[in-house]
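What follows is the residue order along each chain.
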Amino acid sequence: MELDLPGGTNHHMKIRNTIDIKGIMTDPVTLVLRLWICAEAPLEIRAMENIKEETSLRPIIKNHYKEHADVTSRAQTEIDDWLSTNKVTMKGNNIPRPVFSFGEANFNPRILRELSNFQTPTSIQSISWPVLMSGLDIISIAQTGSGKTLAYMLPALEHMSHQNLPKSSFRSPRSPTILVLVPTRELAQQVSEVSKSCIKASNLQYATLFGGVSKFAQEDFLAKGVDVVVATPGRLLDHLNTKTIDLRNCSYVVLDEADRMLDMGFEPQVRSVLSQIRPDRQTAMFSATWPKEVQKLARDFLKDEVFLNVGSMELSANPDIKQIVEVVDGREKRDRLKHLIENIFSKENNKTLIFVQTKVAADRLATFLGHFGHKALSLHGDKTQLQRDTIMQRFRRDASGILIATDVAARGLDVDDIEHVINFDYPNNSEDYVHRIGRTGRAGRTGVAYSFVTPEESHKVPDLIEVLQETQQEIPRSLLDLHAPPPPSFKRRSYR
Ligand SMILES: Nc1ncnc2c1ncn2[C@@H]1O[C@H](COP(=O)(O)OP(=O)(O)OP(=O)(O)O)[C@@H](O)[C@H]1O
Ligand SMILES: [Mg+2]
């Protein structure tokens, strides 16, 4: 997985997190005590103390939810039926009832107008909107392509409009109210793109902050005043270090792809960012996967959170995707791919996304397919941002294109009409598998995912078989034969 790492070091955080030695030197007992607390306390708590000391923080109006009369009068049996039909699990206190239509969510009419393309809320939207507008922290898990972006963004805009902030022309520079953190540049751009009509309809301003492009344009934008920031953690930390953004007024934070944001690659950066946000903020975490390893960590950042899940409580792929797995010798993979592509392109509806593990493999495979007349684009972290943008635009536009990508394209990307996903290289773990294949079969459509597994990857097979069983997919004999116990060094992912 390629990370969007910060360009600079984290000096600013270090300075923020030290205690004011001058103020306590007079009392040796307090000094020892505070130094001990400082050494023991997690980074975030220490930084929170600094934030608490600041006096000028406005009160946050978190609970602005007004339940619609139709929701209030709905029979409990009808709600229970709906929850069970949609396989909804809800855990926590004071969870409001789901809404069954856009009108029942009581959104501002200007936002409502932007939803005219859709018929009804998706299940995760039905249950997440009332919880978020009631001001509760949330962990919200639902399958890929189920509309999670609007599930967190629309309540964010409602939150914003209830904060009694100065009118837009006087909004404070560099000091957003809403922050959405995402793992990749492409996803940051997409979240902004998807949300911009609703943001504009709400008379708000947004900025998208990610690496690989000039910081100066982003700084200018921030200086004019923004309400919503969508960012990758690396570039956001850069802006925090240079004080070109200030998160003191931020009161609604989303970690999209939360398990990815909390895993080893991003966790220190996310921790640094969150430590600079007021502790009484509202925090929302969204993903399609929620492995045990990150669950405990997530609690460091949430308070009395509500847990929502749509679908199986086990790791599961979108059931609208047909999953086909082939056991293939590593040396035969290219030939198999060639046949597969020829087969796919002999029919209609053939837009295809192919995943590989390395940047070099992406470029080489594109050249290989080119030799057979199949023009393929490749996307990975060694491309310039301009190239990455152009490639994504072309792939989005081309109804029958082929994109070969590393895991930069694995999470969150919503490209219309991808019919086939091919795991040329099997991913590192089954969560990544679920996200990768989830680039097809979105918003109620169907899709097909092919995955090549080599005999050397037999330790990944038990988890894969569980995922296949979860949605009653066919499991080939050759895969069952590979079902070897994992080597002692390989740790299987545990789930919920
Ligand atoms: N209520 C709705 N009805 C129909 N389509 C919707 C609705 N809400 C969102 N969509 C569409 O569903 C598609 C997937 O949405 P989105 O990208 O938010 O999914 P996601 O759950 O975040 O997926 P992932 O887990 O892959 O990030 C988008 O094209 C979006 O426009
Ligand atoms: Mg998403």
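Fair warning: this is a prediction, and the values are worked out from it, not measured in the lab.

Draft legend 1. Up close: the pairing of strand β10 (residues 352-355). Side chains Thr352 and Ile354 of β10 all project onto a buried face; the interleaved residues Leu353 and Phe355 project onto the opposite face, where all are buried too. Relative to strand β12 (residues 402-405), β10 runs parallel, the two being bridged by four bridges. The residue of β12 that forms the bridge with Ile354 is Ile404. Note that β10 and strand β13 (residues 420-423) share four bridges and pair parallel. Following the sheet pairing, Phe355 is matched in β13 by Asn423.

Draft legend 2. Structural view of the pairing of strand β2 (residues 138-141). Side chains Ile138 and Ser140 of β2 all project onto a buried face; the interleaved residues Ile139 and Ile141 project onto the opposite face, where all are buried too. Note that β2 and strand β7 (residues 282-287) share four bridges and pair parallel. What sits directly across from Ser140, in β7, is Phe286. Here β2 runs beside strand β8 (residues 306-310); their pairing, made up of four bridges, is parallel. Following the sheet pairing, Ile139 is matched in β8 by Phe307.

Draft legend 3. Examining the nonpolar core more closely. Ranked by size, the top nonpolar core spans 120 residues in total, and within it Leu181 and Ile404 carry the most contacts. In terms of residue count, helix α9 (residues 148-161) provides more of this core than any other element does, eight residues in total. The two domains that each donate at least three residues to this core are domain 2 (126-310) and domain 3 (321-483). Apart from residues lying up to four places away in sequence, Leu181 is in contact with Ala231, Pro233, Val254, Leu255, Asp256, Met261, Val270 and Val273.

Draft legend 4. Structural view of the site of ligand 1. The immediate surroundings of ligand 1 are formed by 17 residues, with Phe118, Gly147, Lys148, Thr149 and Ala443 found nearest. The element best represented in the shell around ligand 1 is α9, accounting for three residues. Across the shell around ligand 1, the residue classes break down as five nonpolar, nine polar and three charged. When residues are assigned to domains, the shell around ligand 1 turns out to be shared by domain 2 (126-310) and domain 3 (321-483), each giving three or more.

Draft legend 5. Region of interest: the sheet that holds strand β4 (residues 206-209). In spatial order, the strands read β1-β8-β2-β7-β6-β3-β5-β4; together these eight strands make up an open sheet with mixed pairing. In this open sheet, the two strands that pair with only one neighbour each are β1 (88-91) and β4. Mean inter-strand twist for the sheet, computed between neighbouring axes without regard to direction, equals 10°. Bridge analysis of strand β3 (residues 178-181) against strand β6 (residues 252-256) gives four bridges, and the strand direction is parallel. In the sheet register, Val180 faces β6, and the bridge partner there is Val254. In the packing of helix α12 (residues 233-241) onto the sheet, contacts are made with β3, β4 and β5 (228-231), and the angle to β4 comes to roughly 110°.

What counts and how
- Residues numbered from 1 in each chain as written.
- Chains lettered and ligands numbered in written order.
- Predicted model: local features only at pLDDT ≥ 70, side-chain atom pairs only at ≥ 80, totals over all residues.
- Buried ≥ 20, exposed ≤ 12 C-beta atoms within 10 Å, placed from the backbone.
- Helix = DSSP H or I, 4+ residues; strand = E, 2+ residues; numbered from the N terminus.
- Pairing = 2+ DSSP bridges.
- Core = buried A, V, L, I, M, F, W, Y, C linked by C-beta atoms within 7 Å.
- Domains from an automatic or database assignment.
- Contact = placed C-beta atoms within 7 Å.
- Near = placed C-beta within 6 Å.
- Nonpolar A, V, L, I, M, F, W, Y, C, P; charged D, E, K, R; others polar.
- Axes fitted to C-alpha atoms, helices over the stretch in contact; angles between N-to-C directions.

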